[in-house]
Amino acid sequence: MLNLFRITSILEGISYLSLFAVTMPLKYMAGLPMPNKYVGYAHGVLFIAYILLALLFCFQKKWPFKRVVILLTASLLPFATFYVDSKYLKPLKVSE
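Conventions adopted
Residues numbered from 1 in each chain as written. Predicted model: local features only at pLDDT ≥ 70, side-chain atom pairs only at ≥ 80, totals over all residues. Heavy atoms only, no water. Helix = DSSP H or I, 4+ residues; strand = E, 2+ residues; numbered from the N terminus. Buried < 20%, exposed > 50% of the residue type's maximum accessible area, 1.4 Å probe, protein only. Areas by Shrake-Rupley, 256 points an atom, 1.4 Å probe, with all protein chains shown as cover. Core = buried A, V, L, I, M, F, W, Y, C linked by side-chain atoms within 4.5 Å. Contact = heavy atoms within 4.5 Å. Axes fitted to C-alpha atoms, helices over the stretch in contact; angles between N-to-C directions. Parallel < 35°, antiparallel > 145°, perpendicular 65-115°, else oblique. Left-handed = near helix turned anticlockwise from the far one by under 90°. Nonpolar A, V, L, I, M, F, W, Y, C, P; charged D, E, K, R; others polar. Salt bridge = Lys/Arg side-chain N within 4 Å of Asp/Glu carboxyl O. Patch = residues over 30% accessible without salt bridge, like charges linked within 9 Å, V, L, I, M, F, W, Y side chains within 5 Å.

Student: Please give an account of the overall build of the chain that cites residues and values.
Tutor: The secondary structure content of the chain amounts to four helices and zero strands. For the chain, the spread of C-alpha atoms along the three principal axes comes to 45 × 20 × 20 Å. Per-residue burial for the chain yields a buried fraction of 31% across its 96 residues. Carbon and sulfur atoms make up 74% of the accessible area of the chain, which totals about 6,000 Å².

Student: Requested: an account of the nonpolar core, with residues and values cited.
Tutor: With 16 residues, the main nonpolar core has Phe-5, Tyr-50, Phe-57, Trp-63, Leu-71, Val-84 and Leu-89 as its most contacted residues. Apart from the residues lying within four places of it in its own chain, the contact partners of Tyr-50 are Phe-5, Thr-8, Ser-9, Glu-12, Leu-71, Ala-74, Ser-75, Thr-81 and Val-84.

Student: Can you lay out the packing of helix H1 (residues 2–29) against helix H2 (residues 34–61) for me, pointing to particular residues and giving the numbers?
Tutor: Taken N-terminus to C-terminus, the directions of H1 and H2 make an angle of 150°; their axes are 8 Å apart at the nearest point. The orientation of H1 with respect to H2, classified from their angle, is roughly antiparallel. Crossing handedness for the pair H1 and H2: left-handed. Here the residues of the contact of H1 with H2 sort into 17 nonpolar, eight polar and two charged.

Student: Quick one: what's the story with the pattern of salt bridges, residue by residue and with numbers?
Tutor: Within this structure, the stated rule accounts for one salt bridge. One salt bridge in this structure joins Asp-85 and Arg-6, with 2.6 Å as the shortest N-O distance. Pair noted here: Asp-85 is in helix H4 (residues 80–95) and Arg-6 is in helix H1, with a separation of 79 residues, a long-range link. Given the relative accessible area of 15%, Arg-6 is considered buried.

Student: Provide a residue-level description of a nonpolar patch on the surface, including the pertinent values.
Tutor: Nonpolar side chains collect at one region of the surface, where Ile-7, Leu-11 and Ile-14 lie side by side and expose about 270 Å² of accessible area between them. Looking at the element boundaries, Ile-14 is found in helix H1.

Student: Quick one: what's the story with the packing of H2 against helix H3 (residues 65–74), residue by residue and with numbers?
Tutor: Packing of H2 against H3 leaves a shortest axis separation of 10 Å and a crossing angle of 165°. Taken together, the axes of H2 and H3 are roughly antiparallel relative to one another. Between H2 and H3 lies a crossing of right-handed hand. In this structure, H2 contributes Tyr-50, Ile-51, Ala-54, Leu-55 and Cys-58 to the contact, and H3 contributes Val-68, Leu-71, Leu-72 and Ala-74. Per-class residue counts for the contact of H2 with H3 are nine nonpolar, no polar and no charged.

Here's what the structure looks like:
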């Protein structure tokens, strides 16, 4: 479950950044709306998967409510999923 959550976390972060840094400028500056549509769909699916996996993972590990809030808030902020991966998830991989 840890590997799945880490992969989803990283992909969600990449999709979030690519949506706003790549496809939004393409849509509004170059008049190409299709990349934004597909990356937006992918980001939506990854966002929902991240939220569900974060909740499942936190309940499985019996983490405190504060950490659950941190993980859920990370899905809303650019680069935050990468921070969560390095601060909370990667140390678990080393200890297992």
